[in-house]
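Listed below, chain by chain, are the residues.
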Amino acid sequence: MKCPECQHENPEDARFCMGCGNNLTLPPESPATELSFDDKLDKIKRYLPKGLTEKILAQRDRIEGERKQVTVMFCDMKGSTPLVESLGSEEAYSLMDQIYEILIHQVQDYEGTVNELTGDGIMALFGAPIALEDAPQRALRSALSIHRAIGRFNDQHQGAIPIQMRIGVHTGPVVVGTLGNDLRVEFKAVGNTVNLASRMEELAEPGSTYLTGDTLKLTQGLFNFKALGEKAVRGKEETVPVYKLLSSKKDVYRPRLGSERMIYSEMVGRDKELDKLEFQVMKAINGEGSIVNIIGEAGIGKSRLVAELKGREVIKRIAFLEGRAVSIGRNLPFHPIIDLLKHWARIREDDGETIAFEKLEAAVKNVCQEEVKEVLPFVATLMGMNLFGRYAERVEGIEGEALEKLILKNLRDLLIKATELNPLVIVTEDLHWADTSTIELMQSLFRLAEKQGILFVNVFRPGYEATGDRIVETIKDTFPAHYVEIAIKPLDEKLGEMLISNMMNIAGLPYSVIDQIVKRADGNPFFIEEVVRSFIDQGGIVLKDGAYEVTEKIGTMVIPHTINDVLMARIDMLEEKTRDLVKLASVIGRNFFYRILAEVANTTIKDIDDRLSYLRDIQLIREQKRMEEVEYLFKHALAQEAAYQSILSEKRKELHLRVANSIENVFEERLHEFYGMLAYHYSCGENESKAEEYMIKAGEEALRSSASSEALNYYQEALRLYLKKHGETGDPEKLAMFEKNIALALFNRGDLTKALEHFDKALTFYGVKSPKSPITITLKVLICFIHLLISLYLPFLKFRKTPTDEDRELQMLFWKRQDCLPFVAPQRFLIEAFYIMREWSKFELTKLEKGAAIFSAFSSIFYLSGISFRLSRKILKSFESKIDRNDVTSKLIYETHTFNHNFLAGNWDIVEEDDDDLINKSLSMGEFMMSHVYLLFHAMISRERGCFGETQRRIDKLFEIANTYEWDTARRAKW
């Protein structure tokens, strides 16, 4: 039969054209009268919930001309013609309108799409144009629901002719898309799948649903069926096995065999890359460090290369440390570094806070026994652990850049000590997902490769500017002599064929199929592996007597166009609850611990162990032991991404909330380690109150561990959520908290201009405003200067108030803002300094942290400017007795300003020698700027005195500070 539309030749008994999908059993409508897709949508949209039509249109536009796995359902009413004749046209129209409403609702309730109104029934698609989970199961549940709804309709309309529906269902590949032009556009599903579903409906008895073996295979175990045997089908030379749908059954999981789906291949086409990588390990063993970047697209074989390296004999001679970034890790401070350190210290996820700290302490002691008191507090702080006792005292009061530098120094010292025991190989996987703080820390650690036997191996995808690309640029500019780049290229066709041959030495696999796989994969090994596994899943290849054989189904196998397509095809083939488990795991992340998964699944999914075992057998996930705890890992990040993206948005929100609740339950004792992850899951779950709560907590933790970039992101997002909810009616105290912490994060990052802006906003919420007009500014300075004179000459009138917590907070903001002003707004520096002196003179300075020392620092305004050495000396003398000499920072501040005053005032005879012990103690507290100023002025006076040996010693000390703490300011000193 030739189609009048496209002239395609079809079998004589074909109902639809295989070329364009045109209905062949009825005279085709003329272009002028045929309904477009949008017209049909208008005809049925009154039955659909708000927003569904827009989804259909959006999906239609995206999948034009795409081959998809779809379940097609035809539903026809028995005896529609005599019914119309008996009722009359008007009454029949009213009846059919009610029937259509029932059919459309029962399809829509299971998220199918009514694609055709056939006069006495419908054609529905499950899986197109709207992407669906569980399409075959949903189609069958919809069919059962239709029969029940029609039964209820008959009960309510007794006396009328009973209505019965015949339903046919088939699952398979179809071409879906829009056909026609701007004047005539219709959404179509074209292919043998459509015809076969129609034939099932023709065979079905009234009130029943018939389906094919393909749909049965995908729904077995979920429904009760009756086998009807082989049936002759119009348009088919061979008979087709047909089944009758009886009822659904309770969800019972029957694990299927999986070991026959285990396939493996030796690594193909990467020998040169592996040899190059192994050579760098040998160099590390010989004491020569290097930095290797393994760069390649997803699925190209980067992780496989590392896995092969781990199997080489040479690895036994080194210490192998491995960390991994995660896809949600952009705002998880230092996640890959923490992951690496946990593996090294053998810290399990179920270890309590005390046990975890004890394990870290033991690991650090094993490497550097004598330095443990110094190294451990900073490494533990990096990892977000709570400190106690002497360890807590060691880091008390150290924050911001000082903390960042000390963490770096001590982590570097730990790695140097570790290389004295064994050469190190440090592998960081998926670095393209890393947070900014990790990237900055890694860039600093790379310097170790210049002098230590350390090999850094960074594995990442190209095209990530803030992470991988930044790493490449830094290494090429700074460490070119130690840099090796391994770019993983696609396999050529010959190697692709070899990979397939290695995986399954299959006799009879048509070369045309091999050729299609290789060309479609475009040299991506992971794509090839997944296609082969999908052939096994679909029965195109079977294991028989220990060897793989090709079945007759191989000719009907559809090779997907993308890796995502093949992964989704494999996931869609899974039994319903197992597929749910995969999707649930994908919400947790690429790595997921059994305890978390079990907690999230709770009572909704049973037999988790069997399901995980099956997923491991079919190589969708891997199981590994981590410190004796079972951990699972999606075999490839793409599998996790595909599963996650397939989840409908509302369901995804629900799962994120379940994951968040489970994390709160499982890790209740050390929840602070998971604040960032909880903020992410609650945000994705659109629980804005919880998201805001954990963003604030995550920001606090990030500031505490010197991860300023991540702290900034958390506080900015939390502020956005808070303003969205409260607007201008927000609590000023809470808004001040947001602005203060955003300012601190910016200040720690060195972004002083923006930090100043937010410090000003925070102070505004406390009621502090800076004057704008010149007259007001002048008056303010004069008033403050008078108060300063009173403080110096009549101190008993000042320094009397005991500061409250709010007072301390306010004074801290003043002081931090003052640190920004010389670099951003020097004209304000002097004005604000007078104002701060007035404010601080209200309080008993011993009750303010470093109060007397900071007040003495204002002497610099007078001796640096030359306005009055007398006043600067008066300030220093007034507070000399109040300085806490046991506080290293207070002592350094006072000694530095006293020395600078005497040096610039020409009092060289009373200038004291520098105090090495004071400098070393100050450096241990992160006081780099004051130590730098202290040494710089001593170097200048020794040069003027002609003591060049002393000058050189102090210059050497400045360079030592620069190198040890990466304090480049000390390196830039001018002589």
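What you see is a predicted model, and the numbers here were worked out from it, not measured in a lab.

About the criteria used
- Residues numbered from 1 in each chain as written.
- Predicted model: local features only at pLDDT ≥ 70, side-chain atom pairs only at ≥ 80, totals over all residues.
- Heavy atoms only, no water.
- Helix = DSSP H or I, 4+ residues; strand = E, 2+ residues; numbered from the N terminus.
- Buried < 20%, exposed > 50% of the residue type's maximum accessible area, 1.4 Å probe, protein only.
- Contact = heavy atoms within 4.5 Å.
- Areas by Shrake-Rupley, 256 points an atom, 1.4 Å probe, with all protein chains shown as cover.
- Axes fitted to C-alpha atoms, helices over the stretch in contact; angles between N-to-C directions.
- Parallel < 35°, antiparallel > 145°, perpendicular 65-115°, else oblique.
- Left-handed = near helix turned anticlockwise from the far one by under 90°.
- Nonpolar A, V, L, I, M, F, W, Y, C, P; charged D, E, K, R; others polar.
- Core = buried A, V, L, I, M, F, W, Y, C linked by side-chain atoms within 4.5 Å.
- Phe/Tyr/Trp six-rings, centres within 6.5 Å; stacked < 30°, edge-to-face > 60°.
- Lys NZ or Arg CZ within 6 Å of the ring centre and 35° of its normal.
- pLDDT = per-residue confidence, 0-100.
- Patch = residues over 30% accessible without salt bridge, like charges linked within 9 Å, V, L, I, M, F, W, Y side chains within 5 Å.
- Salt bridge = Lys/Arg side-chain N within 4 Å of Asp/Glu carboxyl O.
- Lys, Arg positive; Asp, Glu negative; His and termini not counted.
- Charge placed at Lys NZ, Arg CZ, Asp CG, Glu CD.
- Pairing = 2+ DSSP bridges.
- Right-handed = clockwise from strand over helix to strand, strands pointing away.
- Polar contact = N/O pair within 3.5 Å; in protein donor to acceptor, adjacent residues only side chain to side chain.
- Expected span 1.5 Å × (residues − 1).

J.: If you had to explain the overall build of the chain to someone new, which residues and values would you point to?
T.: Counting its regular elements, the chain contains 41 helices and 18 strands. Here the chain holds 975 residues, and 55% of them are scored as buried. Taking the intrachain contacts of the chain between residues at least 6 apart in sequence as the baseline, contacts between residues at least 24 apart amount to 69%. When the accessible area of the chain is evaluated, it comes to approximately 43500 Å², of which 50% is carbon and sulfur surface.

J.: Before we move on, could you go through unusual backbone geometry and cite the residues and values that matter?
T.: In this structure, Gln619 is a non-glycine residue whose phi angle is positive, near 65 degrees. In this structure, Gln619 sits in the loop between helix 23 (608-617) and strand 17 (621-626).

J.: Which residues make up the environment of Arg828, and what are the values?
T.: For Arg828, the location among the structural elements is in helix 33 (residues 826-840). Judged by its relative accessible area of 19%, Arg828 is buried. A sequence separation of ten residues divides Arg828 from Gln818, and the C-alpha atoms of the two residues are 9.0 Å apart.

J.: Pulling in residues and values, what's your account of the packing of helix 19 (residues 525-537) against helix 20 (residues 563-572)?
T.: If you want to describe how two helices pack, look at the angle between their axes and the distance between the axes. Where helix 19 contacts helix 20, the two axes come as close as 9 Å, and the packing angle between them is 30 degrees. It follows that helix 19 is roughly parallel to helix 20 by the angle criterion. As helix 19 packs across helix 20, the resulting crossing turns out to be left-handed. In this structure, helix 19 contributes Phe526, Phe527, Glu530, Val531, Arg533, Ser534 and Asp537 to the contact, and helix 20 contributes Ile563, Val566, Leu567 and Arg570. Considered class by class, the residues forming the contact of helix 19 with helix 20 number six nonpolar, one polar and four charged.

J.: Please provide a residue-by-residue account of the nonpolar core, values included.
T.: Leu360, Phe456, Phe535, Phe592, Ile663 and Phe855 are the most contacted members of the largest nonpolar core, which totals 211 residues. The element best represented in this core is helix 14 (residues 400-421), accounting for nine residues. Grouped together as the second largest cluster of nonpolar side chains are 34 residues, Met77, Ala135, Val169 and Tyr243 included.

J.: So what about the packing of aromatic side chains? Which residues, and what values?
T.: Considering all chains together, one arrives at 23 aromatic pairs under this definition. The interplanar angle of 10 degrees and the centroid separation of 5.7 Å between the aromatic rings of Phe903 and Trp908 together place this pair among those described as stacked. Put simply, the rings of Phe799, Trp815, Phe855, Phe858 and Phe879 touch in pairs and so form one group of aromatic residues. Over the ring of Tyr835 we find Lys780; its NZ or CZ atom is 4.0 Å from the centre of that ring.

J.: Run through the confidence of the model for the chain, naming residues and quoting values.
T.: Chain-level statistics for the chain give a pLDDT mean of 83 and a share of 85% at 70 or above. Overall, residues 43-53 carries pLDDT values under 50, and its contacts beyond four positions in sequence, including any with other chains, amount to 20 contacts.

J.: Break down a negative patch on the surface for me, with residues and values.
T.: A cluster of like negative charges, contributed by Glu465, Asp469, Glu473 and Asp477, occupies part of the molecular surface. By the element assignment, Asp477 lies in helix 16 (residues 465-478). In this structure Asp477 comes out as exposed when scored by relative accessible area, which is 59%.

J.: Any details on the environment of Asn502? Residues and values, ideally.
T.: Within the secondary structure, Asn502 sits in helix 17 (residues 493-503). Considered as a pair, Asn502 and Ser265 are 237 residues apart in the sequence and their alpha carbons are 5.1 Å apart.

J.: If you had to explain the sheet that holds strand 12 (residues 454-460) to someone new, which residues and values would you point to?
T.: Here five strands make up an open sheet; going across it, the order is 10-11-12-9-13 and the pairing parallel. The open sheet is flanked by strand 10 (319-324) and strand 13 (483-487), the only strands paired with a single partner. When the angles between neighbouring strand axes are averaged without regard to direction, this sheet yields 15 degrees. The sheet contact formed by strand 9 (residues 290-295) and strand 13 spans five bridges and is parallel. When the bridges of strand 13 are listed, Ile291 appears paired with Tyr483.

J.: Any chance you could break down the packing of helix 21 (residues 576-588) against helix 24 (residues 637-645) for me, citing the residues and the numbers?
T.: Axis separation between helix 21 and helix 24 bottoms out at 8 Å; the angle between their running directions is 110 degrees. Between helix 21 and helix 24, the angle is such that the two are roughly perpendicular. Residues Val582, Lys583, Ser586 and Val587 of helix 21 form the contact with helix 24, whose own contacting residues are Gln640, Ala643 and Tyr644. In the contact of helix 21 with helix 24, the residues fall into four nonpolar, two polar and one charged.

J.: Quick one: what's the story with the pairing of strand 11 (residues 424-429), residue by residue and with numbers?
T.: Across the six residues that make up strand 11, a large majority, six, are buried. Side-chain alternation along strand 11 places Leu424, Ile426 and Thr428 on one buried face and Val425, Val427 and Glu429 on a second face that is also buried. In this structure, strand 10 lies alongside strand 11, joined through six bridges in parallel fashion. Directly across from Glu322, in strand 11, lies its bridge partner Val427. Bridge analysis of strand 11 against strand 12 gives five bridges, and the strand direction is parallel. If you follow Thr428 over to strand 12, its bridge partner there is Asn458. Remark: the strand 11/helix 15 (residues 436-445)/strand 12 crossover connection has right-handed handedness.

J.: Tell me about the side chain of Asp339, and please be specific about residues and values.
T.: The residue Asp339 is located in helix 10 (residues 335-345) in this model. A residue is classified by how much of its surface remains accessible, and Asp339, at 12% relative accessible area, is buried. For Asp339, the side chain forms a polar contact with the main-chain nitrogen of Arg324, separated by 3.1 Å.

J.: Residues and numbers for helix 30 (residues 752-765), please.
T.: Between its first and last C-alpha, helix 30 extends 20 Å over 14 residues, near the 20 Å set by a 1.5 Å rise per residue. Considered for burial, the residues of helix 30 that qualify are Leu752, Ala755, Leu756, His758, Phe759, Ala762 and Leu763. Among the structural elements, helix 29 (732-749), helix 32 (805-824) and helix 33 are those in contact with the buried residues of helix 30. Positive phi shows up at Gly767, right after helix 30, with a value of about 90 degrees.

J.: Please set out a nonpolar patch on the surface residue by residue, giving values where relevant.
T.: A contiguous nonpolar surface patch, about 420 Å² in accessible area, is contributed by Tyr793, Leu794, Phe796 and Leu797. Topologically, Leu797 is positioned in the loop between helix 31 (774-793) and helix 32.

J.: Go over the environment of Leu305, please, and point to the residues and values.
T.: Secondary-structure assignment places Leu305 in helix 9 (residues 302-310). With 35 residues separating them in the primary sequence, Leu305 and Arg270 have C-alpha atoms 7.6 Å apart. Not counting chain neighbours up to four residues away, the residues in contact with Leu305 comprise Met267, Arg270, Glu273, Leu274, Leu277, Ile294, Ile486 and Ile488.

J.: So what's going on with helix 10? Residues and values would help.
T.: Counted residue by residue, helix 10 has eight buried out of eleven residues, so it is predominantly covered. Burial in helix 10 covers these residues: Pro336, Ile337, Ile338, Asp339, Leu340, Leu341, Lys342 and Ala345. Downstream of helix 10 by one or two residues, Arg346 has phi in the positive range, about 60 degrees.

J.: Residues and numbers for the pattern of salt bridges, please.
T.: A full pass over the atoms with the stated rule returns 58 salt bridges. Between Lys409 and Asp413 there is a salt bridge, and its shortest N-O distance comes to 3.0 Å. Of the two residues, Lys409 and Asp413 both sit in helix 14, four residues apart, roughly one turn of that helix. Judged by relative accessible area, Asp413 falls into the partly exposed class, the value being 26%. One salt bridge connects Lys850 with Asp887, and the closest N-O pair in it is separated by 3.9 Å. In this pair, Lys850 is assigned in the loop between helix 33 and helix 34 (851-857) and Asp887 in the loop between helix 36 (869-879) and helix 37 (888-905), connecting sequence segments 37 residues apart. The exposure class assigned to Asp887 is partly exposed, which follows from its relative accessible area of 21%. In the salt-bridge network here, residues are joined through shared partners; they are Asp760, Arg817, Arg828 and Glu832.

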